[in-house]
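Reading the structure
Residues per chain, in single letters:
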Amino acid sequence: MRIPLDYYRILGLPLAASDEQLRQAYSDRIVQLPRREYSQAAISSRKQLIEEAYVVLSDPKQRSTYDHLYLAHAYDPDNLAAAAVALENSPESTKRGSNTQSLGIEITQDELVGALLILQELGEYELVLKLGRPYLVNKNGATSPRKGNNLAEEEIHESAEHPDVVLTVALACLELGREQWQQGHYENAAISLETGQELLVREGLFASVQAEIQADLYKLRPYRILELLALPQEKTAERSQGLELLQNLLEDRGGIDGTNNDDSGLNIDDFLRFIQQLRNHLTVAEQHKLFEAQSKRPSAVATYLAVYALIARGFAQRQPALIRQARQMLMRLGKRQDVHLEQSLCALLLGQTEEATRVLELSQEYEALAFIREKSQDSPDLLPGLCLYAEQWLQHEVFPHFRDLANQQAFLKDYFANQQVQAYLEALPTDAETTNEWAVINPQNFPQPQTNNLPFPKNSTRTPKQFNHNRTPDLDLPDTPEYSNFSPPMWNSSGNVKSEVPAAERTSRGTKEHLNGSVKSATPAHNQKRRRRKPAPSPIRERLPDNRPHSRRPRRRRTFANTIEGKTRLVWRVFISLVSILVFWVLATTTFGWLKNLFFPTRPAPVSQLFVQINQPPISIPDPNSQPQGLDGSLTDAAAEEVIRTWLSTKAEALGPNHEIDNLEQILTGSALSQWRAIAQQARSDNRYRKYEHSVKVESVEKIDLFADRAAVVATVKEATQLYENGQFKNSSNENLRVRYDLIRQRGKWRIQSASVVNQIIR
């Protein structure tokens, strides 16, 4: 089998690499090992290819022939006559790795695992899949249609190196998926990851790699959902897949505000931001179905989002039954937070103007109330400002969160002129009957009126065919200059008239700022008198009379005052009881202490003597052979020179005839220790050793300001080296170098963390 690899790529070298770079690259590649899941046979196959590349490139004659062939392919691939002549005159080892038609190497079936390993280390993941596929797939097996990479549905050969090939292909899928993830192609990344996972699951191999791929799939799931749901609405299959993934994610998490671990890496605040970002890609029908189902867990956040969806869909599709359902959900939310403004808007859209203004006065949304009162200055009630606010609220705070309503205009006049809306509103209960519903939530403000009329059945969604289709009068709005035209005006200079934060999120959980923008400050409870107005004569108000029991107001005030007086007495009783208990406790403890001192007096503590001996100093005297240090514990020049001399002697022992490698731990640490240990082990395996003669002169010691236990030393090192191979003298060298050493103090001892040559001194 021929694979598109050349010897320079195997060693990771350029064409003009020197012999020293060649030896260093070979040493590094041999020391570097693949993942622990690979068998010894796979590691040996990889090592064999690396050694073959080193043998060819380390021989000058073979390298010259190979370079000629390499350049011929690189610059003149169409004229290969000269390359063919050079190949005929080359040794057999060069012929094995060369071909006049394609630049690559020939490998046997046993060497495939090693070649795939090298390609994977080079980042050629797609090439690994291309080469591993013919090996894994039976020639008669049908390939999977999913992107051409799904190996899980195909027949697999069995051989000794089969698990290693499966592992390499699966890891290539994993790394390819991560690359696609970084590039923003989330669905393609999921396909690559699932391909590798399905292959491992089918084979029943490498559970740890399966878990690693599954963890990435879990973290990728939110990105996939956003990518799939952002597609055009015509791609129903892909968007349905995104909705299914979203449902699975919510099930694993336990709802929108759930606390279960879904392995996505998103905390509660991040997940709420994800839901807010997701809403812009969902239609009003999709949000209605999703959040209404989630609100049954129960979930306050999902309930409020379902209210938004119901109001938006009810207004846009002229289905007031959905708005009435939203109002009933707000009644449940009203037990926990202030949703009076939203309740008032629902009542307005249901034509219950008396109820809308009554509930509005209970709201603590002072910015919105200020806007409504400003726009209703020339009117006897708040209805003009409330209608204007409702249009702006729908246009700017509700519709933008639905992809199919973002560009839709909100006009109340068109809404109330609809025949279907008029038929439904005509059959709704009157304001007096509706007050009975609100009294469940606010019994202290709305006592139940005496009426025999039954309220409209709860959660009713009857169609307009069940009602009288006679046209009802249009909603009577006062003809004021502020509301003479129903077109939505521009925003005023104060900015938003109402915060977009859902009421379900204004709770103690701290999730206030994630779903709909800015946050409103908390306000005191409403205990002022509600401003009453004289109802103006209009057809709809004649149809919806005000049945509030005004005669009961004085008695309600007396009850409220009596309640305050009783609570005040209770508070005083509790306070006096606590003071009495405190006084009794002080007296009891004082009496007990006096009696204890009287009958059981305590002996005085012995006075400790200062222990000083004449024949010993009061403080320890440092050892004269210890390393001298500065007053602040910093490294001195003498101590730095001693550390460097210790390192040079330890280096001579580690690379000397006895190869005392273990002594390196006494002076080196970090990357320097691992690097020199590998060099010494390689020298011992190659039966080479060196003899050194050193001289050192410290030029400067630089203290690092931020770290008291770190220092940088620049020293001049004269090094005479004699190299021996297989016991025979090979060559010698003399070097005069300026070296920078980075030192770190560990457990009270200075060690060398790294070293680098600054320059070579030529004399």
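In short, a report on the structure. Residue numbers restart at each chain and count upward from 1, following the sequence in its written direction. With the structure being a predicted model, the display of local features is reserved for residues of pLDDT at least 70 and the display and counting of side-chain atom pairs for 80 or more, all residues being used for whole-chain, interface and lining totals. Just so you know, side-chain values use all the structure's heavy atoms and leave hydrogens and water out.

**Regarding the packing of helix α14 (residues 284–294) against helix α15 (residues 300–316)**
Packed helices, taken two at a time, are described by their axes: the angle between them and the distance between them. The test is simple: To obtain an axis, a line is fitted to C-alpha atoms, over the contacting stretch when the element is a helix, and the angle between two such axes runs from 0 to 180 degrees between their N-to-C directions. The secondary structure listing takes helices from DSSP runs of H or I that are at least 4 residues long and strands from runs of E that are at least 2 residues long, numbered from the N terminus. Note: crossing handedness is left-handed where the near helix turns anticlockwise from the far helix by less than a right angle, and right-handed where it turns clockwise. Residue contacts follow a heavy-atom distance rule, with two residues in contact if any of their heavy atoms lie within 4.5 Å. When residues are sorted by character, Ala, Val, Leu, Ile, Met, Phe, Trp, Tyr, Cys and Pro go into the nonpolar class, Asp, Glu, Lys and Arg into the charged class, and all the rest, Gly among them, into the polar class.
Interaxial distance between α14 and α15 falls to 8 Å at its minimum, and their mutual angle equals 145°. The two elements α14 and α15 cross, and the hand of that crossing is left-handed. Touching V284, A285, Q287, H288, F291, E292 and Q294 of α14 are A302, L305, A306, A309, L310, A312 and R313, all from α15. Taken together, the residues that form the contact of α14 with α15 break down as 9 nonpolar, 3 polar and 2 charged.

**Some points on the environment of D216**
Tracing the backbone through its elements, the reader meets D216 in helix α11 (residues 207–229). Sequence-distant contacts of D216, that is, excluding residues within four places in its chain, are made with L174, R178, W181 and L193.

**Looking at the packing of aromatic side chains**
We count it as follows: What counts as a ring pair is set by centres within 6.5 Å for rings of Phe, Tyr and Trp (its six-membered ring), and what kind of pair is set by the plane angle: stacked under 30 degrees, edge-to-face over 60, tilted for all other angles. Buried residues are those whose accessible area, probed at 1.4 Å on protein chains only, stays under 20% of the maximum for their type, while exposed residues exceed 50% and partly exposed ones sit between those limits. Distance and angle both matter: a charge sits over a ring if NZ of Lys or CZ of Arg is within 6 Å of the ring centre and within 35 degrees of the ring normal.
Tallied over the full model, the rule gives 17 aromatic pairs. Arranged with centres 6.2 Å apart and planes meeting at 40°, the rings of Y8 and Y66 form a pair that is tilted. Of this pair, Y8 sits in helix α1 (residues 7–11) while Y66 sits in helix α4 (residues 60–75); the two residues are 58 residues apart in sequence, bridging distant segments of the chain. The exposure class of Y8 is buried, given its relative accessible area of 3%. Owing to a relative accessible area of 1%, Y66 belongs among the buried residues under this scheme. Ring-pair connections join several aromatic residues into one group, and the members of that group are Y7, Y8, Y66 and Y70. In this structure, R253 is placed above the aromatic ring of F271, and the distance from its NZ or CZ to the ring centre is 4.2 Å. Cation over ring: R318 sits above F315, and NZ or CZ is 5.3 Å from the ring centre.

**Regarding the nonpolar core**
Threshold: In plain words, nonpolar cores are sets of buried Ala, Val, Leu, Ile, Met, Phe, Trp, Tyr and Cys residues tied together by side-chain atoms within 4.5 Å.
With 74 residues, the main nonpolar core has I256, F274 and L278 as its most contacted residues. Take this core: its biggest share by element is 14 residues, from α15. Here I256 is in contact with L250, F271, L272, I275, F291, Q294, V301, A302 and L305, once residues within four sequence places are set aside. Core analysis: the next-biggest nonpolar cluster, separate from the first, contains 58 residues, I50, L129, L171 and F206 among them.

**With respect to a nonpolar patch on the surface**
Note the threshold: A residue counts toward a patch only above 30% relative accessible area and without a salt bridge, and it is joined to like-charged neighbours within 9 Å or, for Val, Leu, Ile, Met, Phe, Trp and Tyr, to nonpolar neighbours within 5 Å. Throughout, the Shrake-Rupley method with a 1.4 Å probe supplies accessible areas, and for residues the shown protein chains are the sole cover considered. Basic side-chain nitrogens of Lys or Arg form a salt bridge, by our definition, when they fall within 4 Å of a carboxyl oxygen of Asp or Glu.
A cluster of nonpolar side chains, W572, F575, I576, V579, V583 and L587, forms an exposed patch at the surface whose accessible area comes to about 620 Å². Among the secondary structure elements, W572 is positioned in helix α25 (residues 553–599).

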